[in-house]
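Results of the structural survey
This is what each chain is made of:
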There are 2 protein chains.
Amino acid sequence: MSHVLALCGGVGGAKLAFGLSRLLGPDELTIAVNTADDFVHLGLHIAPDLDTVVYTLADLADRERGWGLAGETWGFMSALSRLGGEDWFNMGDHDLATHVERTRRLAAGESLSEATAALAGALGVLHRVTPMSDDPVRTRLATDRGDLSFQHYFVRERCAPRVAAIRFEGTPGARMSPGLAGALARDDLAAIVFCPSNPYLSVDPILAVDGVRAALSGCPVPKVAVSPIVGGQAIKGPAAKLMAELGAPDGNAGVAAHYAGLIDGLVLDRSDAADTKAVEAVGMRARLAPSVMRSDVDRIELARATLAFAEELRRG
Amino acid sequence: MSHVLALCGGVGGAKLAFGLSRLLGPDELTIAVNTADDFVHLGLHIAPDLDTVVYTLADLADRERGWGLAGETWGFMSALSRLGGEDWFNMGDHDLATHVERTRRLAAGESLSEATAALAGALGVLHRVTPMSDDPVRTRLATDRGDLSFQHYFVRERCAPRVAAIRFEGTPGARMSPGLAGALARDDLAAIVFCPSNPYLSVDPILAVDGVRAALSGCPVPKVAVSPIVGGQAIKGPAAKLMAELGAPDGNAGVAAHYAGLIDGLVLDRSDAADTKAVEAVGMRARLAPSVMRSDVDRIELARATLAFAEELRRG
């Protein structure tokens, strides 16, 4: 038995995490999730990426909308609008139970790790989903419309503001969660997978947690990322727009440059064969695979290709 | 223009308040509502009687279930149960928006009076609905199953425990809300109506607020109660059982004894003509009227009879 650590943001990352969870047993996989998008809204602790990963692994996620729960209802939001409440952040009635129960558990003294384990367990998720940290880390974006929290940028302003810089409040100082630290310390750790999540907004916060970057550098196992960019565009979210605004190279070359020195290989979509050379120029191997995940089979096949790539890199 | 102050608990009282609101203009009626049933649950400030009165006045209340909103959905509660959350207190998805928005407003520094006015206004309620107090008052019941909070007794334990004594935590010390104090101080106050709510659990907490009992005694206007007991039984809720456990006289005689010295007249259901003598024996007038409110017409007619009774008492 060997172990895989996946670093993961929301939707795209969760799909690969789903694929990994179908190939690896519950003790063979740890999914460490970005929590820098968490925020307190209407008194509730909301953890969008944790919930997306848990809902996806439980096969309860809405596949068409791309977030939240399948079969969701919206009575709460419509009533809140009628009351003149703050309704820019959508929460379904079922999803709301997760936020309320998490908030109650945190108020009762549980750590975010403990609350996450309880919620995931109640939904039948057997694999370990762990926040990157139990300490609060919050993404702040310096934009042409002022300094914004992540959800204000991402949801309220729909990623329209031009981003000049990103920082993660609470770092340095935030410690790894026991789940993440434990996975990194395992004797049988065999690979680290960077899921196809936004490198700047979803993976960087994980790397910003105290000790993570050093642990990755010192860790003698293959580190493989799956690019979230296909055909020069992010499959979902603002990655390409953001990279342009921050002056990064275009497309997969930009992703490779961002992870240069940190990872050993990058998985690109088959349609991006032309990017191979630019990726390998920064000192990593490239691997082509179908990386647009529309079905469960797609998810599992991409997970299989990613694990096989890591195994090849391990053998050298 | 003259003014009527109604003292009110939940369901039964709210029905008469609805009737009064159809006969009196927005500046002719203040409805002061019991808040001793309020509690904090899952981090939310829940005010059952305030919500019942506001929903009823807005004609949004569910008439069959007897509480909550018509057309309610239950996604939140089913999801909370799935998560293993505390699901003994039912909250509909739409109702939940009220609790979340109230909690947010209180956390932002609004008083319960201000939050109630905002919520009622958003739902189109023009008449003033005011909590009895902005200070926390909480009903506690000494029972054969221990000391219970109101909602634990009423909802979780379904009124099954035998009650030995009732106290209102926070009294003395709780001050009248500005709305209640303002109504009592009006020059044009013409009548005070005790709605058909549980005398022990819904009206007594209002009377326990600092200065209310003295203000009523010193107030030279007719004070009329509508009995919540018909045919020896409460139309809804545990009034009759509770009165027996507390050793009060049966039925309307018990209600009259409870309010003796405080009110000038008691409205009884037509079917309880036999109770007239016992009621008048404790020093108040009795008036027969159809007091079971099944329709809007019933509500308005009972309100009309009650106001006419008060007017007769005023003329002496």
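First things first, this report covers the structure right here in the doc. Only a predicted model underlies this, so the values are computations on that prediction, with no experimental measurement involved.

1. Side note on the sheet that holds strand β8 (residues 163-169) of chain A
All names here are of chain A. On the basis of which strands lie adjacent, the open sheet formed by 3 strands has the order β7-β6-β8 and antiparallel pairing. A strand with exactly one partner marks an edge of an open sheet, and here the two such strands are β7 (146-149) and β8. Taking each pair of neighbouring strands and ignoring which way they run, the sheet shows an average axis angle of 25°. Pairing geometry for strand β6 (residues 138-143) and β8, over 6 bridges, is antiparallel. In the strand pairing of β8, arginine 140 is matched with arginine 167. Each of β6 and β8 is contacted by helix α8 (residues 199-208), which is oriented at about 40° to β8, the strand it contacts most.

2. Looking at the interface of chain A and chain B
On the side of chain B, 24 residues touch chain A, which itself brings 24 residues to the contact. Carbon and sulfur atoms make up 72% of the area that chain A and chain B hide from each other, which totals about 2,100 Å². Its largest share of buried area at the contact with chain B, chain A owes to Arg82(A), Leu83(A) and Val100(A), together 28% of the area lost on that side. Linking chain A to chain B there are 0 residue pairs in polar contact (both at pLDDT 80 or more). When contributions to the side of chain A that touches chain B are tallied by element, the ones reaching two or more residues are α3 (75-82), α4 (93-107) and α5 (112-122) of chain A. By residue number, the principal contributor to the side of chain A that touches chain B is α4(A), which donates 8 residues. Here the side of chain A that touches chain B is composed, by residue class, of 13 nonpolar, 7 polar and 4 charged.

3. Some words on the nonpolar core
Buried together is how nonpolar side chains tend to be arranged in soluble globular proteins. Of all hydrophobic cores here, the largest spans 109 residues; its most connected members are Ile31(A), Phe76(A), Ile31(B) and Phe76(B). Apart from residues no more than four positions distant in its own chain, Ile31(A) is found in contact with Ala6(A), Cys8(A), Ala17(A), Val53(A), Leu57(A), Arg128(A), Val129(A) and Thr130(A).

4. Let's talk about helix α2 (residues 48-57) of chain B
All names here are of chain B. Within α2, 10 of the 10 residues are buried, which leaves it mostly tucked inside the rest of the structure. All of the buried residues in α2 are Pro48, Asp49, Leu50, Asp51, Thr52, Val53, Val54, Tyr55, Thr56 and Leu57. Directly beyond the C-terminal end of α2, a positive phi value near 60° is found at aspartate 59.

5. Side note on unusual backbone geometry
Residue and element names in this part refer to chain A. Looking along the chain, the bond that leaves threonine 171 and enters proline 172 is cis, with omega of -10°. Looking at the element boundaries, proline 172 is found in the loop between β8 and α7 (178-185). Even without a glycine there, the phi angle at cysteine 159 is positive, about 65°. Of note, cysteine 159 is situated in the loop between α6 (150-156) and β8.

6. Quick look at the relation of the copies chain A and chain B
In screw terms, the move from chain A to chain B is a rotation of 180° and a rise of 0.0 Å along the axis, fitting with an RMSD of 0.0 Å. The relationship between the two copies is best expressed as a two-fold rotation axis. Among all residues of chain A, the one whose C-alpha sits closest to the rotation axis is Asp93(A), at a distance of 3.0 Å. Most of the interface of chain A is mirrored in chain B, where 100% of its interface residues are also at the interface.

7. Concerning the packing of aromatic side chains
Taken as a whole and judged by the stated rule, the model has 12 aromatic pairs over all chains. The interplanar angle of 40° and the centroid separation of 6.2 Å between the aromatic rings of Phe39(B) and Trp88(B) together place this pair among those described as tilted. Here Trp88(B) lies in the loop between α3 (75-82) and α4 (93-107) and Phe39(B) lies in strand β3 (residues 39-41), a separation of 49 residues in the sequence. The exposure class of Phe39(B) is buried, given its relative accessible area of 13%. Taken together, a centroid distance of 5.9 Å and an interplanar angle of 80° make the contact between Trp88(B) and Phe89(B) edge-to-face. An aromatic cluster is present here, built from Phe39(A), Trp88(A) and Phe89(A) joined pairwise through their rings.

8. Focus: the packing of helix α8 (residues 199-208) of chain B against helix α11 (residues 251-259) of chain B
All names here are of chain B. Contact pair α8 / α11: the axes reach a minimum separation of 12 Å and the direction vectors enclose 15°. In terms of orientation, α8 and α11 fall into the roughly parallel class. Crossing hand, α8 versus α11: right-handed. The residues of α11 that touch α8, namely those facing Pro199, Tyr200, Val203 and Asp204, are Val255, His258 and Tyr259. Split into classes, the residues belonging to the contact of α8 with α11 amount to 5 nonpolar, 1 polar and 1 charged.

Cut-offs and rules
- Residues numbered from 1 in each chain as written.
- Chains lettered and ligands numbered in written order.
- Predicted model: local features only at pLDDT ≥ 70, side-chain atom pairs only at ≥ 80, totals over all residues.
- Heavy atoms only, no water.
- Pairing = 2+ DSSP bridges.
- Helix = DSSP H or I, 4+ residues; strand = E, 2+ residues; numbered from the N terminus.
- Axes fitted to C-alpha atoms, helices over the stretch in contact; angles between N-to-C directions.
- Contact = heavy atoms within 4.5 Å.
- Buried area = accessible area lost by both parts, 1.4 Å probe.
- Polar contact = N/O pair within 3.5 Å; in protein donor to acceptor, adjacent residues only side chain to side chain.
- Nonpolar A, V, L, I, M, F, W, Y, C, P; charged D, E, K, R; others polar.
- Core = buried A, V, L, I, M, F, W, Y, C linked by side-chain atoms within 4.5 Å.
- Buried < 20%, exposed > 50% of the residue type's maximum accessible area, 1.4 Å probe, protein only.
- Least-squares fit on C-alpha atoms with pLDDT ≥ 70 in both.
- Phe/Tyr/Trp six-rings, centres within 6.5 Å; stacked < 30°, edge-to-face > 60°.
- Parallel < 35°, antiparallel > 145°, perpendicular 65-115°, else oblique.
- Left-handed = near helix turned anticlockwise from the far one by under 90°.

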